[in-house]
Amino acid sequence: MNGSRITAVGHHQPAKVLTNEELAGMVDTSDEWITSRVGIRTRHIAGPDEPVDELAAHAAAKALATAGLTPADIDLVLVATSTAVDRSPNMAARVAARLGIPGPAAIDVNVVCAGFTHALATADHTVRAGAARRALVIGADKMSEVTDWNDRTTCVLVGDGAGAAVVEASEEPGIAPVLWGSVPEMGHAVRIEGQPARFAQEGQSVYRWATTRLPPLARQACERAGLTPEDLAAVVLHQANLRIIEPLAQKIGAVNAVVARDVTDSGNTSAASIPLAFSKLVEQGVISTGDPVLLFGFGGNLSYAGQVVRCP
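Residues numbered from 1 in each chain as written. Predicted model: local features only at pLDDT ≥ 70, side-chain atom pairs only at ≥ 80, totals over all residues. Heavy atoms only, no water.

**Q** Describe a negative patch on the surface, listing the residues and the values that go with them.
**A** Judged by side-chain charge, Glu21, Glu22, Asp31 and Glu32 come together as a negatively charged surface patch. Elements that contribute at least two residues to the negative patch include exactly α1 (20-24) and α2 (31-38). In this structure, aspartate 31 sits in helix α2. (Patch = residues over 30% accessible without salt bridge, like charges linked within 9 Å, V, L, I, M, F, W, Y side chains within 5 Å. Areas by Shrake-Rupley, 256 points an atom, 1.4 Å probe, with all protein chains shown as cover. Salt bridge = Lys/Arg side-chain N within 4 Å of Asp/Glu carboxyl O. Lys, Arg positive; Asp, Glu negative; His and termini not counted. Charge placed at Lys NZ, Arg CZ, Asp CG, Glu CD. Helix = DSSP H or I, 4+ residues; strand = E, 2+ residues; numbered from the N terminus.)

Structural data, given as structure tokens:
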């Protein structure tokens, strides 16, 4: 086998939906203020009895079922998350236990909003090296648990959820080489710190960085796949907010691509946002098997990772 590919995807969101109107009853904000600044209308919020590993396991189970696989077929579980409460057992081990996966390598990846694309690249490398046959790659976050619901600059952004992908060895590569990196000296721009942990960010710094520095990097990710942005069928960026997604997508130059805008319905779900949005595009039939799709994560640590994948 010369490569790896995504063979199935799945996603899960909590049933509870929090609207902008409901938020306006909690903090000094309004539907007009939120939609005009970040483009979010609703977000899903997990309850106290819905931990991160449960969200992740639901999404992973859907991806497994779609792939026609059993838990015993998986030998690597990677979970991208930055909202794990406990250090051990890690999220990957907890998900494996929930699903009954026997004896997998179980690894958590904490690169915040770029976590899923980092984890996907890690799975691709591992499968191509022959160290695993089939991997479950999951992005899951419960941002509501690290949010100050009295801070209108952050509480209007966040949502909870999970998305998952099954990665398998293939004769033809279906996951192109990753383009990744970071700006660690600016890591303070997005933070989840303190006791209790709380999410905070320097919104203008993140906006300027994302809309000016990232477009050429996203185009480089296309080059590593041997494609131009015009060749893309879809672009799935980290669903930070609509004011970042739309200018960034335009500057990439993917003029023929569907641009994922799941942030409108789901809010910013951090590491879950890309697999959530990607899974929904696949489920809705917006993109077809074999279509080239750019996945590009960015955010916490001012890290980024992107790769072109073929739609399962």
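Now that the structure has been shown, we can carry on.
**Q** Report on unusual backbone geometry, specifying residues and quantitative values.
**A** Here the amide bond leading from serine 88 into proline 89 is cis, since omega sits at -5°, within 30 degrees of zero. Of note, asparagine 301 is a non-glycine position whose phi angle comes to about 70°, a positive value. Looking at the secondary structure, you find asparagine 301 in the loop between β13 (292-299) and β14 (303-310). Positive phi, close to 45°, is recorded for leucine 302, a residue that is not glycine.

**Q** Please provide a residue-by-residue account of the packing of aromatic side chains, values included.
**A** All told, the structure shown has two aromatic pairs when counted by the stated rule. Ring plane angle 70° and centroid distance 6.5 Å describe the contact between tryptophan 209 and phenylalanine 298, whose orientation is recorded as edge-to-face. Here tryptophan 209, found in helix α7 (residues 203-224), pairs with phenylalanine 298, found in strand β13; they are 89 residues apart in sequence, far enough to count as distant. You can call tryptophan 209 buried: its relative accessible area is 4%. (Phe/Tyr/Trp six-rings, centres within 6.5 Å; stacked < 30°, edge-to-face > 60°. Buried < 20%, exposed > 50% of the residue type's maximum accessible area, 1.4 Å probe, protein only.)

**Q** How would you explain the packing of α7 against helix α8 (residues 242-252) if you had to name every residue and give the values?
**A** When two helices pack together, their arrangement is given by the angle between the helix axes and the distance between those axes. At a minimum axis separation of 9 Å, α7 and α8 run at an interaxial angle of 30°. Judged on the interaxial angle alone, α8 and α7 are roughly parallel. Of the two elements, α7 crosses α8, and the hand of that crossing is right-handed. Touching Val206, Tyr207, Ala210, Thr211, Leu214, Pro215, Ala218 and Arg219 of α7 are Arg243, Ile244, Pro247, Leu248, Lys251 and Ile252, all from α8. By residue class, the composition of the contact of α7 with α8 is 10 nonpolar, one polar and three charged. (Axes fitted to C-alpha atoms, helices over the stretch in contact; angles between N-to-C directions. Parallel < 35°, antiparallel > 145°, perpendicular 65-115°, else oblique. Left-handed = near helix turned anticlockwise from the far one by under 90°. Contact = heavy atoms within 4.5 Å. Nonpolar A, V, L, I, M, F, W, Y, C, P; charged D, E, K, R; others polar.)

**Q** Tell me about the nonpolar core, and please be specific about residues and values.
**A** One finds Leu214, Leu237, Leu294, Phe296 and Phe298 to be the most contacted residues of the largest nonpolar core, which totals 49 residues. At the level of secondary structure, the elements contributing two or more residues to this core comprise α2, α7, β11 (234-237), α8, β13 and β14. For this core, the element with the highest residue contribution is α7, accounting for eight residues. For leucine 294, the residues in contact, after removing those within four places along its chain, are Ala218, Ala221, Cys222, Leu232, Ala234, Val235, Val236, Ile252, Gln307 and Val308. By size, the runner-up hydrophobic cluster in this structure holds 33 residues, among which are Val109, Ala271, Ile287 and Val309. (Core = buried A, V, L, I, M, F, W, Y, C linked by side-chain atoms within 4.5 Å.)

**Q** An account of the pairing of β11 is requested, with residue identities and associated values reported.
**A** The alternating pattern of β11 places Ala234 and Val236 on one face and Val235 and Leu237 on the opposite face, and all of these are buried. Both β11 and strand β12 (residues 258-259) contribute to a ladder of two bridges, which runs parallel. Paired with valine 235 across the strands is valine 259, a residue of β12. Once the chain exits β11 it traverses α8 before rejoining the sheet at β12, and the crossover so formed is right-handed. In the sheet, β11 pairs with β13 via four bridges, with the strands oriented parallel. From the neighbouring strand, alanine 234 faces β13, where its bridge partner is valine 293. (Pairing = 2+ DSSP bridges. Right-handed = clockwise from strand over helix to strand, strands pointing away.)

**Q** I'd like to hear about the pattern of salt bridges, residue by residue, with values.
**A** All told, the structure shown has 10 salt bridges when counted by the stated rule. Here arginine 98 and aspartate 53 are joined by a salt bridge, their closest N and O atoms 2.6 Å apart. In this pair, arginine 98 sits in helix α4 (residues 91-99) while aspartate 53 sits in helix α3 (residues 52-67), placing the two residues 45 residues apart along the sequence. Between arginine 261 and glutamate 246 there is a salt bridge whose closest N-O contact spans 3.1 Å. Taken together, the residues arginine 261 in the loop between β12 and α9 (263-266) and glutamate 246 in helix α8 connect sequence positions 15 residues apart. Within this structure, Arg191, Glu193 and Glu202 form a network of salt bridges that share partners.

**Q** Summarise α3; cite the residues concerned and give the values.
**A** In a regular helix each residue adds 1.5 Å, so 16 residues correspond to 22 Å; α3 covers 23 Å between its end C-alpha atoms and thus fits that length. Where α3 is concerned, the buried positions are Val52, Asp53, Leu55, Ala56, Ala57, Ala59, Ala60, Ala63 and Leu64. Buried residues in α3 make contact with β1 (3-12), α4, β6 (134-142) and β7 (160-170). Directly after α3, the chain includes glycine 68, whose backbone phi takes a positive value near 70°. (Expected span 1.5 Å × (residues − 1).)

**Q** Which residues make up the sheet that holds β14, and what values do they have?
**A** Strand order in the open sheet formed by five strands is β8-β14-β13-β11-β12, and the pairing between neighbours is mixed. With one partner strand each, in any of the chains shown, β8 (179-182) and β12 form the two edges of the open sheet. Two elements, β13 and β14, share eight bridges in a ladder whose sense is antiparallel. By the bridge assignment, leucine 294 is partnered in β14 with valine 308. Contacts from α7 reach β8, β13 and β14, with the element oriented near 145° to β13. The sheet strands contacting helix α10 (residues 273-283) are β11, β12, β13 and β14, and the helix crosses β11 at an angle near 155°.

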